[in-house]
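Structure at a glance
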Amino acid sequence: MTTYKIVAATGCPTGIAHTYMAQEALEQAAKRKGIAIKVETHGQVGIENQLTPEEIKNADAVIIAADKDVQAERFAGKRVINVPVSKGIKDADQLIEEALRGSLIAENKTVDALEQADGGMAAGIGHSIYKNLMNGVSHMLPFVVAGGVIIAVSFAIWGVYSFDPNDPTYNPTSAMLKGIGDTAMGMMVPILAAYIAEGIAKRPGLVVGFVGGLLANAGGAGFLGGIFAGFLAGYFILFLQKVMKGLPKQLDGLKAIFLYPVIGVLVIGVVMSLLASPMEAINQGMMDFLAGFQNSNPLILGIIVGCMSAFDMGGPVNKAAYVTGTALLAQGNHTFMAGVSAACIAPPLITGFAVLFFGKYFDTNDRNAGLVNFILGSTHITEGAIPFAAKDPLRVLPTMMLGSSIAAVLTYMFGVQVPAPHGGFLVLPVVTGKIAWVGSILLGSIIGGVILGFIQKRSVQKREAEVSADEWKETAKE
């Protein structure tokens with residue numbers, strides 16, 4: 001048995017499903033090859049199964065399957081495969097094979113933050129931008145979930161205007177809960193900006209991004225302003241690091257605690273103060289456009305959201321719709337997120353209904369996975385549908401997109417409002433239009449499930465016919 005050792009790190013923006021699916025896939029693939037592997041996960045609960053410096057030093061190869069920052073600078077000098085988390089799920093065997101063959105991206109020098117940002121040319125500038133954006137989204141999400149649900153609870157118990165002292169329904173407890181929820185939601189943009197910058201420039205970027213995000217929020221630039229502030233802060237700190245690289249080593253402490261934060265906050269603060277007004281106009285224009293869309297043409301909006309959410313189920317296209325819904329949620333628009341949530345819940349439910357109605361045409365593993373997907377889908381974990389899509393993407397993905405689009409269109413037509421960006425049916429108590437929302441999702445999922453079932457049935461029957469024809473030919477030859 002070989003003593004080849006691999007270490008890996010996985011992480012997805014929400015830190016709920018992809019992270020652990022990639023971990024399991026890599027561990028199973030390594031087990032099949034008889035390879036020792038330790039996989040560190042960067043989930044919503046933090047870092048688990050953390051790699052020690054000794055384990056990293058002794059590793060023959062490193063696999064990073066992540067769409068967020070996993071502190072890749074620790075692996076300086078090691079041979080590294082750096083891929084999106086989705087490849088860790090779908091192509092785990094291939095990644096292990098590449099590690100065994102030594103077909104790796106060599107990083108034979110110290111990897112500092114600057115080299116990570118622009119040294120990602122091998123992985124692509126687009127993936128680097130996406131990874132840093134998702135690092136911000138990952139840290140922002142709990143604030144939005146907590147704030148949105150707490151505000152919704154106050155509305156559900158005492159009424160929508162019960163926080164207003166001038167309203168007859170005013171309740172002090174409701175006002176207190178509304179204030180707590182607003183505080184949590186108000187941290188969304190600063191946290192987003194801070195961790196985008198942290199993903200780019202590590203800790204020196206954190207404070208500059210946070211202040212930039214606060215100024216964007218205060219100036220009305222909102223979500224778009226936060227994204228701009230985060231990237232601007234991160235890359236400006238990288239620029240400062242490069243400019244000050246020639247300073248004596250003894251000044252490293254001074255740079256980190258004084259020069260970077262003071263110069264960074266000053267420059268980014270001035271830029272964001274000057275750009276706040278034009279960015280506020282852009283932000284408001286986008287919000288008004290989308291709000292008008294959901295009222296005037298819910299059919300087209302639902303189709304767009306449904307197709308985006310089911311296209312790559314947790315990938316960049318899905319996250320674009322999800323992040324937009326989260327941004328609008330923070331602006332007080334609870335309708336857009338209702339359609340996004342419906343479209344994200346539908347794909348795993350589609351697989352569940354497919355195996356429920358057409359069970360005999362699926363193998364045991366698929367049947368079990370489909371039934372488990374009822375639970376995953378109900379909690380807004382879209383990724384459970386990925387194994388089904390990976391087997392036959394050209395036919396399964398359009399089916400998922402159709403089912404998600406039906407769910408989203410009906411949700412918009414019924415005017416459902418969902419105040420939380422995650423949780424699936426667990427947030428049902430605070431949903432406005434509960435029956436309509438659940439009905440929309442179930443209808444889209446059942447239609448998609450029936451179509452997926454017929455696709456599977458036809459595929460199985462075609463294979464059986466081919467096997468029968470081959471057997472008949474062999475008999476005729478004899």
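Now for a description of the structure that goes with this document. Model, not experiment: these values are computed from the prediction. (Residues numbered from 1 in each chain as written. Predicted model: local features only at pLDDT ≥ 70, side-chain atom pairs only at ≥ 80, totals over all residues. Heavy atoms only, no water.)

1. Remarks on the nonpolar core
Quick reminder of the rule: The criterion is simple. A nonpolar core is a set of buried Ala, Val, Leu, Ile, Met, Phe, Trp, Tyr and Cys residues joined through side-chain atoms within 4.5 Å. Any residue under 20% of the maximum accessible area for its type is buried, any over 50% is exposed, and the rest in between are partly exposed; the area is computed with a 1.4 Å probe on protein chains only. Should any heavy atoms of two residues lie within 4.5 Å, those residues are considered in contact.
Of all hydrophobic cores here, the largest spans 50 residues; its most connected members are M140, F223, V305 and V340. For F223, the residues in contact, after removing those within four places along its chain, are M140, M188, V189, L192, N283, V323, A327 and Q331.

2. Let's talk about the environment of G269
We count it as follows: In this description a helix means any DSSP run of H or I spanning at least four residues, a strand means any run of E spanning at least two, and both kinds are numbered starting from the N terminus.
Mapped onto the elements of the fold, G269 is located in helix α11 (residues 252-296). By relative accessible area, which is 11% here, G269 ends up buried. Beyond its immediate stretch of four places on either side in the chain, G269 contacts L215 and G264.

3. Digging into a nonpolar patch on the surface
For clarity, the threshold we go by: Each patch is assembled from residues with relative accessible area greater than 30% and no salt bridge, linking like charges that lie within 9 Å and nonpolar side chains (Val, Leu, Ile, Met, Phe, Trp, Tyr) that lie within 5 Å. Residue-level accessible areas treat just the shown protein chains as cover; the underlying method is Shrake-Rupley with a 1.4 Å probe. Here, a salt bridge means any Lys or Arg side-chain nitrogen found within 4 Å of an Asp or Glu carboxyl oxygen.
A surface patch of nonpolar side chains, amounting to about 530 Å² of accessible area, comprises L247, L251, L254, I257, F258 and V262. Its place among the elements puts I257 in helix α11.

4. What to know about the side chain of D67
Under the convention used in this document: By the counting rule applied here, Lys and Arg register as positive and Asp and Glu as negative, while His and the ends of each chain are not counted.
Positionally, D67 belongs in the loop between β4 (61-66) and β5 (79-83). Salt bridges are absent for the buried D67, whose nearest opposite-charge side chain, K131, sits at 6.6 Å. With residues up to four places along the chain from it excluded, the contact list for D67 reads G11, P13, P84, V85, H127, Y130, K131, M134 and N135.

5. Section: helix α4 (residues 92-101)
Test applied: Directions pointing from the helix axis toward each C-beta atom define the arc.
Among the residues of α4, A92, L95, I96, E98 and A99 are the ones counted as buried. Taken down its axis, α4 places every buried residue within 160 degrees of arc, on the same side. If you follow the buried residues of α4, they end up packed against β1 (5-11), α1 (18-33), β2 (36-43), β4, β5 and α3 (85-90).

6. Points about the packing of aromatic side chains
For clarity, the threshold we go by: In this scheme Phe, Tyr and Trp rings, the latter by its six-membered ring, pair at centre separations within 6.5 Å, and the angle between planes marks the pair as stacked below 30 degrees, edge-to-face above 60, and tilted otherwise. Put simply, a charge is over a ring when the Lys NZ or the Arg CZ is close to the ring centre, within 6 Å, and near the line of the ring normal, within 35 degrees.
Counted under the stated rule, the structure contains eight aromatic pairs. Pairing F236 with F239 gives two aromatic rings, centres 6.2 Å apart and planes at 35 degrees, and the pair type is tilted. Taken together, the residues span about one helical turn, with F236 and F239 both in helix α10 (residues 222-243) at a distance of three residues. Measuring from ring centre to ring centre gives 6.4 Å for F362 and F388, while their planes differ by 65 degrees; the resulting arrangement is edge-to-face. Linking F362 in the loop between α14 (335-357) and α15 (364-378) with F388 in helix α16 (residues 386-391), this pair joins segments that are 26 residues apart in sequence. Judged by its relative accessible area of 4%, F362 is buried. An aromatic cluster is defined as three or more aromatic residues linked by ring pairs; in this entry it consists of F353, F357 and F374. Against the face of F163 rests K178, its NZ or CZ located 4.4 Å from the ring centre.

7. Remarks on the packing of helix α7 (residues 172-186) against helix α8 (residues 188-201)
Two numbers describe a pair of packed helices, the interaxial angle and the distance between the axes. Quick reminder of the rule: Where helices are involved, their axes are fitted lines through C-alpha atoms of the stretch in contact, as for all axes, and angles between N-to-C directions lie from 0 to 180°. Small angles under 35 degrees read as roughly parallel and large ones over 145 as roughly antiparallel, with 65 to 115 read as roughly perpendicular and the rest as oblique. Lys, Arg, Asp and Glu make up the charged group, whereas Ala, Val, Leu, Ile, Met, Phe, Trp, Tyr, Cys and Pro make up the nonpolar group; the residues left over, Gly among them, are polar.
One can describe the packing of α7 onto α8 by two numbers: an axis separation of 5 Å at closest approach and a directional angle of 25 degrees. Overall, the two elements α7 and α8 adopt an arrangement that is roughly parallel. Along its contact with α7, which presents A184, M185 and G186, the element α8 presents M188, V189 and P190. Among the residues forming the contact of α7 with α8, the class breakdown is five nonpolar, one polar and no charged.

8. A few points about unusual backbone geometry
With a phi close to 60 degrees, N49 is a non-glycine residue in the positive phi region. Here N49 is to be found in the loop between β3 (46-48) and α2 (53-58). Although it is not a glycine, Q71 sits at a positive phi angle of roughly 60 degrees. Assignment of secondary structure puts Q71 in the loop between β4 and β5. Residue classification places Q71 among the partly exposed residues on the basis of a relative accessible area of 28%.

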